[in-house]
Amino acid sequence: MKMTANRAKREYTEAEIADLEARLQEAEDTLDAIRDGSVDALVTKNPQVGQQIYTLKSADYTYRVLIESMSQGALTISEEGIILYSNEQFSRMTATPLEHVIGQKIAAFVDPDDARLVAEILQQRSANVNGSERTVRLKGPHQKEVIFSARKLPSNGDNAFICLVVTDITERKRAETAKDEFIALASHQLRTPATGVKQYIGMLLEGYAGTLTESQRTFAQTAFDSNERQLAIINSILKTAQIDFGGYQLKIIKKNLADLVSESLKAFEPIVAMRNQTITCEFEPKVCALIEPMEISLVISNLIENASKYSSVGGKISIKIYKDPKHAYVAITDNGVGIHEEDQAKIFEKFTRVNNALSDTVSGSGLGLYWVKKIVELHGGEIILTSELDSGSTFIIKLRSC
Ligand code: ADP
């Protein structure tokens, strides 16, 4: 009220009025320019704390068209996290009109639980010119999940600017979760009846239903072997789904590796004997690792099985256990078909089988090495492969020793 009274008393000269009108017009032009994209940004800072108003220089028209047609959000933010420029896509993602996006803090669009991640991106502005990425949830009823890819822009005097690309991964995540849930459920549903088949065919072979003729035995044995392969594939799918689901809990204990490998080896005696293969062991005494024994035992079994599968009849497999001051190692070597150098990284990918001299006769899902690597990495360990085509392979499991 007082202000109105004061204003009424104040008399403006024509020159002052013209000046005020010009400034008002200028401000309106600037805002229009931001709205229609002719300038990149406007930052309004509080004059009472000595801050200023400034704009970034006009962006090249071609780039602007490209940025506006991107399916991702594209922003320029100041070092305090104020949005200086936003494309339409980010405004749609956040269901906020563009004029309310610009000038706002980026943290205002992010779920408060993920505010720390935004702060990390802003803090890294000077340290990391190559960019950094964080997955955050946006505020709002749809709980969109997005990846913030931040990159520092070349410095403009005292001001540091960050270019932020926002990729919406909500649908992708949903589809992945639905797929993983489906696989986990389907594998459970498949495993139970397949295990039943195994038990009953096993009983037939053991003579519980009377003596089998030679051909009955052959048929039953073939069915038993197929069922074993089926169960191995189901188990691999289940393991993969479990790992991909996340939240895979390990119960780490100290375990003597020689004991663990010796236990795993027992299961391979008949298979190896049937293929006339030999396994030699060189175990350094008292090598102990920090592991969940059940999981590492599965890893070792899978690698021994592969060593046997991908070696010819009469092949030689060697298993060594050794240590250095911080690590414990299990190395499984075969003199089998080997792996071409350019395939060596691929074999650890999901569903990847590589053609080799034996792949027509050997069955598999291409999942084993995927979960083997993941399990070892969950232990803070590493899988090291050396291989030469037609000469053989060595898979080394490196674990934390105790
Ligand atoms: P699978 O054996 O079920 O195909 P894996 O994930 O265990 O799946 O292995 C992926 C691929 O890696 C195999 O298809 C095979 O080509 C190759 N591989 C794995 N272990 C060996 C090995 N010891 N020697 C040669 N090739 C191997």
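Scroll up a little and you will see the structure.
Here the structure is a predicted model, which is why all the values come from computation and not from measurement.

*Asks:* Please set out the overall build of the protein chain residue by residue, giving values where relevant.
*Replies:* A tally of regular secondary structure across the protein chain gives 12 helices and 14 strands. A burial count over the protein chain gives 25% of its 402 residues as buried. Put simply, 58% of the contacts in the protein chain that link residues at least 6 apart link residues at least 24 apart.

*Asks:* Tell me about the nonpolar core, and name the residues and values.
*Replies:* One finds Leu257, Val299, Ile300, Leu303, Val330, Ile332 and Val372 to be the most contacted residues of the largest nonpolar core, which totals 33 residues. Residue assignment for this core shows that the elements contributing at least two residues are helix H8 (214-245), helix H9 (257-266), strand S10 (288-291), helix H11 (293-309), strand S11 (316-323), strand S12 (327-334), helix H12 (368-378) and strand S14 (392-400). In this structure, this core is formed jointly by two domains, domain 2 (173-245) and domain 3 (253-400), each of which donates at least three residues. Not counting residues up to four positions away in its chain, the partners in contact with isoleucine 332 are Leu303, Ile304, Ala307, Ile317, Ile319, Thr394 and Phe395. Core analysis: the second largest hydrophobic core is formed by 25 residues, Leu75, Leu84, Val110 and Leu122 among them.

*Asks:* Can you explain the site of the ligand? Please cite residues and give values.
*Replies:* Neighbouring the ligand are 22 residues; Asn306, Tyr310, Gly364, Gly368 and Leu369 lie closest to it. Secondary structure elements with two or more residues in the shell around the ligand: H11 and H12. For the shell around the ligand, the element with the highest residue contribution is H12, accounting for 3 residues. A per-class count over the shell around the ligand returns 9 nonpolar, 11 polar and 2 charged.

*Asks:* Provide a residue-level description of the sheet that holds strand S9 (residues 278-283), including the pertinent values.
*Replies:* Overall, mixed pairing links the 5 strands, which are arranged S9-S11-S12-S14-S13 in an open sheet. Here the strands that pair on one side only, and so sit at the sheet edges, are S9 and strand S13 (382-388). Each strand of the sheet is rotated relative to its neighbour by a mean of 15°, with strand direction disregarded. Across 7 bridges, the pairing between S13 and S14 is antiparallel. The residue bridging isoleucine 384 from the neighbouring strand is isoleucine 396, located in S14.

*Asks:* So what about the sheet that holds strand S4 (residues 83-86)? Which residues, and what values?
*Replies:* Taken in spatial order, the 5 strands of this open sheet run S4-S3-S7-S6-S5, and their pairing is antiparallel. Of all the strands in the sheet, just S4 and strand S5 (132-137) have a single pairing partner and so form its edges. For this sheet the average axis-to-axis angle between neighbouring strands, irrespective of direction, equals 25°. Bridge analysis of strand S6 (residues 145-152) against strand S7 (residues 161-168) gives 7 bridges, and the strand direction is antiparallel. Note that in S7 the partner of alanine 150 across the bridge is leucine 164. Where helix H6 (residues 115-123) meets the sheet, its contacts fall on S5 and S6, and the angle it forms with S5 comes to roughly 160°.

Thresholds, definitions, all that
- Residues numbered from 1 in each chain as written.
- Predicted model: local features only at pLDDT ≥ 70, side-chain atom pairs only at ≥ 80, totals over all residues.
- Helix = DSSP H or I, 4+ residues; strand = E, 2+ residues; numbered from the N terminus.
- Buried ≥ 20, exposed ≤ 12 C-beta atoms within 10 Å, placed from the backbone.
- Contact = placed C-beta atoms within 7 Å.
- Core = buried A, V, L, I, M, F, W, Y, C linked by C-beta atoms within 7 Å.
- Domains from an automatic or database assignment.
- Near = placed C-beta within 6 Å.
- Nonpolar A, V, L, I, M, F, W, Y, C, P; charged D, E, K, R; others polar.
- Pairing = 2+ DSSP bridges.
- Axes fitted to C-alpha atoms, helices over the stretch in contact; angles between N-to-C directions.

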